[in-house]
Amino acid sequence: MAYSEKVIDHYQNPRNVGAFGSSSEVKDRKDVGVGIVGAPECGDVMQLQIKVDDDGKIEDAKFKCFGCGSAIASSSLATEWIKGKSVDEALEIKNTRIVEELALPPVKIHCSVLAEDSIRTAIEDYKKKNGQVVDSAHGHDHSHAH
Amino acid sequence: MNLPIYMDNASTTRTDPRVVEAMLPYFTETYGNSASRNHAFGWAAEKGVELAREQAASLIGAGPKEIVWTSGATESNNLAIKGAAQMYAKAPMGETGRGHIVTCIIEHKAVLDPCKRLEREGFDVTWLEPGADGVVTAEMVAGALREDTILVSIMWANNEIGTINDIPGIGAVCRERGVVFHTDATQWVGKMPTDVEKDNVDLMSWSGHKIYGPGGVGALYVRRRRPRVRLQAQIDGGGHERGMRSGTLNVPGIVGFGAACAICSEEMETERERLLALRLKLENELKSRMDVVEVNGHADRRLPHLTNISFGFVEGESLMMGIKDIACSSGSACTSASLEPSYVLKGLGLGDELAHSSLRLSLGRWSTEEEVDYAIDAIHKAVEHLRALSPLYDLHNEGIDITKIEWQTH
């Protein structure tokens, strides 16, 4: 399958790779939210960490990803898009925009869904740590088969 | 060295230019129908077909009359399995159905699917599970045989992991019990010495395009004596190939198939030694440079030219993207709609994550040491790049067993 130029670019030069600390180090940090989604047996695991300032703005984001090129590109792109946004603005990012931006084919749509999930999970983690209400209602296409 | 490098010879091979040379006159000069018995064009075509039959038979220790031409190994497998099952079916239907068939869960789809169809049509199938080493033994087959067993179909060498089953031993068990024995030898014949007499084989499939011959042509060996094996034809219409496979013969393809077999007979010994040395270099070098690198399947009982390696914490498709100058395949099958990893690797009982992390590299007649060296460097570099991105590699380095984590599967 041919990948789009943007997927190849993110694969070769992934943005914002890394973490603000190991899982045990960031566990109790209130300014850091962590989202880990997917599973090794499904062939995709995405880890997104966000660092949020006092005004609720995502000042930095780091990712790691085990998955195909489209999964790596989706999570790399997600970090670019959420940096500088407020947590509530970041929650507005829908997987369909990732699909469009990276020109993902239908078999790769689940990669964009995982990226959206990782953003939401990281923000929920941040909100929980800070005693904020988590709105669990979210709508996106989960109809793909896993 | 030219890029890209071809390391997917278990999928298909380059047609040997000597084979093409042998085929060419049969398109434009000797273009008769080999079934035309009353003119020179037909006789010349028939001569080409019969020479090829001898060449194919000679490669496997059979007689020329025991070779049936087909369109490829998939058709040969279908003819052997369905043809034998229908011929030896219990009539009237016994208590356990029309008869019992033994095969294995890591066979090629061209064996699994015909067996599944027969299962739906009233046959009873035992699906053997090999151990973690992927090898099917004579004991496993002997343990599965029943009073009503009519057919055993076990591949000679596995197409994904290159492991070699005990075909002479399984054949001996079947012969003793009077059960017809078929083997899909697509990955084996032409690469390794084959003797259907010593190896106790009754039916054997292989194809042209895996042995540096043309695509679209295959053969089925059908034993004619001690014992004579009979098959129900699957394609009717004219009674070609002693009634077992009708249809005008693909004369240029068959001539090419024969030429490919003749070259294999001649060059197999030196070729397999050369490829074995290259494959061992590839495996050993990758294992020495990186941690958590596993060669899948039995350590020694394997084809010389094929290896299947899992690189822990790295997903196979992304790895292939990082080595785009090397044509190979992955067990990750991430592009398929099901997102299921290779059923062969899963069939070994490996964790799914190892299947997702695997590459199959298969060398061939034109593989060079320079190409192998290039592949080692490229794979090493790509794995390092991806491990730097891998959250699983971090967990591993923190001493966490990723199989013990409760993942959010969805």
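Just so we're clear, the structure is a prediction, and the values are computed from it rather than from any experiment.

All right, on to the overall build of chain B then. Secondary structure summary: chain B contains 13 helices and 13 strands in total. Expected size for 410 residues packed as a compact globule is a radius of gyration near 22 Å; at 23 Å, chain B falls within 12% of this value. Each of the three principal axes of chain B carries a C-alpha extent, and together these read 75 × 55 × 35 Å. Per-residue burial over chain B gives 56% buried out of 410 residues. In chain B, of all internal contacts separated by at least 6 residues, the share reaching a separation of at least 24 is 72%. Only carbon and sulfur atoms are counted for the fraction: they give 51% of the accessible area of chain B, which is about 16,400 Å². Within chain B, the 56 negative side-chain charges are centred at a point lying 7 Å from the centre of the 42 positive side-chain charges.

Before going further, it helps to spend a moment on the overall build of chain A. Helix and strand counts for chain A stand at 6 helices and 3 strands. Listing every helix and strand of chain A by position from the N terminus yields α-α-β-β-β-α-α-α-α. For 146 residues, the compact-globule estimate of 2.2 N^0.38 gives 15 Å, and the C-alpha radius of gyration of chain A, at 14 Å, lies within 12% of that figure. For chain A, the C-alpha atoms occupy an extent of roughly 45 × 30 × 30 Å along the three principal directions. Scored against the burial criterion, the 146 residues of chain A give a buried share of 53%. Considering only residue pairs separated by 6 or more positions, chain A has 61% of its internal contacts joining residues 24 or more positions apart. Working note: accessible area of chain A is about 6,300 Å², and carbon and sulfur atoms make up 47% of it. Considering chain A, the positive charge centre built from 18 side chains and the negative charge centre built from 24 side chains are found 3 Å apart.

Here we take up the state of the cysteines. Applying the stated criterion across every chain, the model contains 0 disulfides over all chains. Summary of cysteine pairing: Cys-111 of chain A is not part of a disulfide, and the nearest cysteine sulfur, belonging to Cys-68 of chain A, is at 3.7 Å. Free cysteine Cys-261 of chain B: the closest other cysteine sulfur is in Cys-264 of chain B, separated by 6.5 Å.

For the rest of this paragraph, the subject is the side chain of Ser-310 of chain B. All names here are of chain B. Note on placement: Ser-310 falls in strand β10 (residues 306–311). Within the structure, the side chain of Ser-310 is placed 3.0 Å from the side chain of Asn-296, a separation counted as a polar contact. Among all residues touching Ser-310, those that are not within four sequence positions of it are Val-292, Val-293, Glu-294, Asn-296, Leu-354, Ser-357 and Ser-358.

Another aspect to go through is the sheet that holds strand β9 (residues 293–295) of chain B. Within a beta sheet, neighbouring strands are joined by backbone hydrogen bonds and run either parallel or antiparallel to one another. All names here are of chain B. Reading across the sheet, the 4 strands line up as β9-β10-β13-β12 and stay open at both edges, with antiparallel pairing between neighbours. Each of the sheet's edge strands pairs with one partner strand only, and the pair in question is β9 and β12 (329–330). Sheet topology note: the β10/strand β13 (residues 358–362) ladder contains 5 bridges and is antiparallel. Bridge pairing in β13 places Ile-309 opposite Leu-359.

What follows concerns helix α5 (residues 95–102) of chain A. Residue and element names in this part refer to chain A. Taken together, the buried positions of α5 are occupied by Asn-95, Ile-98, Val-99 and Leu-102. Down the axis of α5, the buried set is contained in an arc of 100°. They therefore lie on one face. Elements that come into contact with the buried residues of α5 comprise α1 (5–12), α3 (69–82) and α6 (109–129).

A word on the interface of chain A and chain B. In this complex, chain A contributes 37 residues to the contact, which on the side of chain B involves 31 residues. Carbon and sulfur atoms supply 63% of the area buried between chain A and chain B, which totals about 2,900 Å² over both sides. A salt bridge links Asp-394 of chain B to Lys-64 of chain A; the nearest nitrogen and oxygen atoms lie 3.0 Å apart. The interface formed by chain A and chain B holds 12 residue pairs in polar contact (both at pLDDT 80 or more) in total. The set of elements that each furnish at least two residues to the side of chain A that touches chain B consists of α1, β1 (32–39), β2 (44–52), β3 (58–66), α3 and α6 of chain A. Here the side of chain A that touches chain B is composed, by residue class, of 21 nonpolar, 12 polar and 4 charged.

Enumeration over the complete set of coordinates arrives at 6 aromatic pairs over all chains. With 5.6 Å between their ring centres and 45° between their planes, Phe-313 of chain B and Tyr-393 of chain B make a pair best called tilted. Here Tyr-393 of chain B lies in helix α13 (residues 391–397) and Phe-313 of chain B lies in the loop between β10 and α9 (316–322), a separation of 80 residues in the sequence. Ring pairing ties together the aromatic residues Trp-69, Trp-206 and Phe-257 of chain B, which thus form one cluster. Between Lys-51 of chain A and the ring centre of Phe-20 of chain A, over which it is positioned, the NZ or CZ distance is 5.9 Å.

Moving on to unusual backbone geometry. Outside of glycine, negative phi angles account for most residues, and trans bonds account for most peptide bonds. Residues and elements named next belong to chain B. In the segment running from Leu-3 into Pro-4, the intervening peptide bond is cis, with an omega of -5°. Tracing the chain through its elements places Pro-4 in the segment before β1 (5–6). Geometrically, the link from Arg-226 to Pro-227 is a cis peptide bond, its omega value of -10° lying close to zero. Within the secondary structure, Pro-227 is located in the loop between β8 (218–222) and α8 (251–289). The backbone of Asn-200 shows a phi angle near 60°, a positive value even though the residue is not glycine. For Asn-200, the location among the structural elements is in the loop between β6 (180–184) and β7 (203–207).

Let us now look at the sheet that holds strand β3 (residues 100–104) of chain B. All names here are of chain B. Taken in spatial order, the 7 strands of this open sheet run β2-β8-β7-β6-β5-β3-β4, and their pairing is mixed. The sheet is open, and its two edges are formed by β2 (67–70) and β4 (124–128), each paired on a single side. Put simply, the sheet's adjacent strands are angled 20° from each other on average, direction ignored. When β2 meets β8, the two strands line up antiparallel, connected through 4 bridges. Each residue of the ladder has a partner; that of Ile-67, found in β8, is Tyr-221.

Cut-offs and rules
- Residues numbered from 1 in each chain as written.
- Chains lettered and ligands numbered in written order.
- Predicted model: local features only at pLDDT ≥ 70, side-chain atom pairs only at ≥ 80, totals over all residues.
- Heavy atoms only, no water.
- Helix = DSSP H or I, 4+ residues; strand = E, 2+ residues; numbered from the N terminus.
- Rg over C-alpha atoms; globule rule 2.2 N^0.38 Å.
- Buried < 20%, exposed > 50% of the residue type's maximum accessible area, 1.4 Å probe, protein only.
- Contact = heavy atoms within 4.5 Å.
- Areas by Shrake-Rupley, 256 points an atom, 1.4 Å probe, with all protein chains shown as cover.
- Lys, Arg positive; Asp, Glu negative; His and termini not counted.
- Charge placed at Lys NZ, Arg CZ, Asp CG, Glu CD.
- Disulfide = S-S within 2.5 Å.
- Polar contact = N/O pair within 3.5 Å; in protein donor to acceptor, adjacent residues only side chain to side chain.
- Pairing = 2+ DSSP bridges.
- Arc of directions from axis to C-beta.
- Buried area = accessible area lost by both parts, 1.4 Å probe.
- Salt bridge = Lys/Arg side-chain N within 4 Å of Asp/Glu carboxyl O.
- Nonpolar A, V, L, I, M, F, W, Y, C, P; charged D, E, K, R; others polar.
- Phe/Tyr/Trp six-rings, centres within 6.5 Å; stacked < 30°, edge-to-face > 60°.
- Lys NZ or Arg CZ within 6 Å of the ring centre and 35° of its normal.
- Axes fitted to C-alpha atoms, helices over the stretch in contact; angles between N-to-C directions.

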